[in-house]
Amino acid sequence: MPNIENFLTSKEEAEIVEAIRIAECDTSGEIRVHIEQKCDIDVYEHALEVFHILKMDNTLQRNGVLIYVAVDNKSFVIFGDQGINNIVGADFWNSTRDKISAQFKAGNFKEGLIDGIKEAGKVLSQHFPWHHHDKDELDNTISKG
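Below you will find a few notes about this structure.

### Focus on the overall build of the protein
Scanning the protein from N- to C-terminus turns up six helices and four strands. Beginning at the N terminus, the succession of helices and strands in the protein can be written as α-α-β-α-β-β-α-α-α-β. Since a compact globule built from 145 residues should have a radius of gyration of about 15 Å, the 14 Å found for the protein is in line with a globular shape. By its C-alpha atoms, the protein is 40 × 30 × 25 Å across when sized along the principal axes. Burial statistics for the protein: of 145 residues in total, 48% are counted as buried. Look at the contacts in the protein between residues 6 or more apart in sequence, and 71% of them connect residues 24 or more apart.

Next comes the structure, spelled out in structure tokens:
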């Protein structure tokens, strides 16, 4: 895997941010991407920490979704807030995971993230549709650790 500086180009990052913006047009849900070089503890537990650090648990409907990537670990986690998890079943994120995983295995990191964002947005829109009073509560930029 490449180092974090080379994981995505600035053009690819801009395309991912645009994919987030478009996905959020149909849902009140909030999607963020966070990338780190490596994770020295349990990846899921660390993704939960990052979720809280990014204040993703502060959305009105508790419907934030974090796609966390640990480059060296060749791992990623999709973490949804309790507002989502209280409504959906345990296998809710499988389609998003599968889309990301298929592209990552082929070395298509940007495409994997964009496919995952689109799928997450599609699924979120079914349970948390956008309404005219909704606000973009979280930054759409990619955060890095």
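That covers the picture; the talk isn't over yet.
### Digging into the environment of aspartate 26
Along the chain, aspartate 26 falls in the loop between α2 (10-23) and β1 (30-36). Aspartate 26 gets classed as exposed once you look at its relative accessible area, which sits at 52%. Taking C-alpha positions, aspartate 26 is 7.3 Å from glycine 121, a pair spaced 95 residues apart along the chain. Beyond its immediate stretch of four places on either side in the chain, aspartate 26 contacts Ser125, Phe128, Pro129 and Trp130.

### Thoughts on unusual backbone geometry
A positive phi angle is found at lysine 55, which is not glycine, with a value near 60°. With respect to the element layout, lysine 55 can be found in the loop between α3 (43-53) and β2 (64-70). The backbone of lysine 74 shows a phi angle near 55°, a positive value even though the residue is not glycine. Topologically, lysine 74 is positioned in the loop between β2 and β3 (75-80).

### Some points on the pattern of salt bridges
Under the criterion given, the structure shown has eight salt bridges. Across the pair arginine 97 and aspartate 98 runs a salt bridge whose closest N-O atoms are separated by 2.9 Å. For aspartate 98, a relative accessible area of 41% corresponds to the partly exposed category. Three or more residues joined by partner-sharing salt bridges are found here, namely Lys11, Glu15 and Lys110.

### A short note on the nonpolar core
Core analysis: the largest hydrophobic core is formed by 30 residues, its most contacted members being Phe7, Ile16, Val33, Ile35, Leu113 and Ile117. Broken down by element, the residue count for this core peaks at seven residues, all from helix α6 (residues 109-127). Residues contacting leucine 113, with those up to four places away along its chain left out, are Phe7, Leu8, Ile16, Val33, Ile67, Val69 and Phe104. Counting 13 residues, the second largest nonpolar core, distinct from the first, contains Cys39, Val50, Tyr68 and Ala70.

### Looking at the sheet that holds β3
Each strand in a sheet pairs with another by means of backbone hydrogen bonds, the pair being arranged parallel or else antiparallel. Pairing in this open sheet of four strands is mixed, and the strands run β3-β2-β1-β4 from one edge to the other. Strands at the two margins of the open sheet, each flanked by one partner only, are β3 and β4 (143-144). Where β1 meets β2, seven bridges bridge the pair, whose relative direction is parallel. Bridge pairing links isoleucine 31 to valine 65 in β2.

### Some details on the side chain of histidine 46
Along the chain, histidine 46 falls in helix α3. Those residues in contact with histidine 46, other than ones at most four positions away along the chain, are Glu36, Cys39, Ile41 and Tyr68.

About the cut-offs
- Residues numbered from 1 in each chain as written.
- Predicted model: local features only at pLDDT ≥ 70, side-chain atom pairs only at ≥ 80, totals over all residues.
- Heavy atoms only, no water.
- Helix = DSSP H or I, 4+ residues; strand = E, 2+ residues; numbered from the N terminus.
- Rg over C-alpha atoms; globule rule 2.2 N^0.38 Å.
- Buried < 20%, exposed > 50% of the residue type's maximum accessible area, 1.4 Å probe, protein only.
- Contact = heavy atoms within 4.5 Å.
- Salt bridge = Lys/Arg side-chain N within 4 Å of Asp/Glu carboxyl O.
- Core = buried A, V, L, I, M, F, W, Y, C linked by side-chain atoms within 4.5 Å.
- Pairing = 2+ DSSP bridges.

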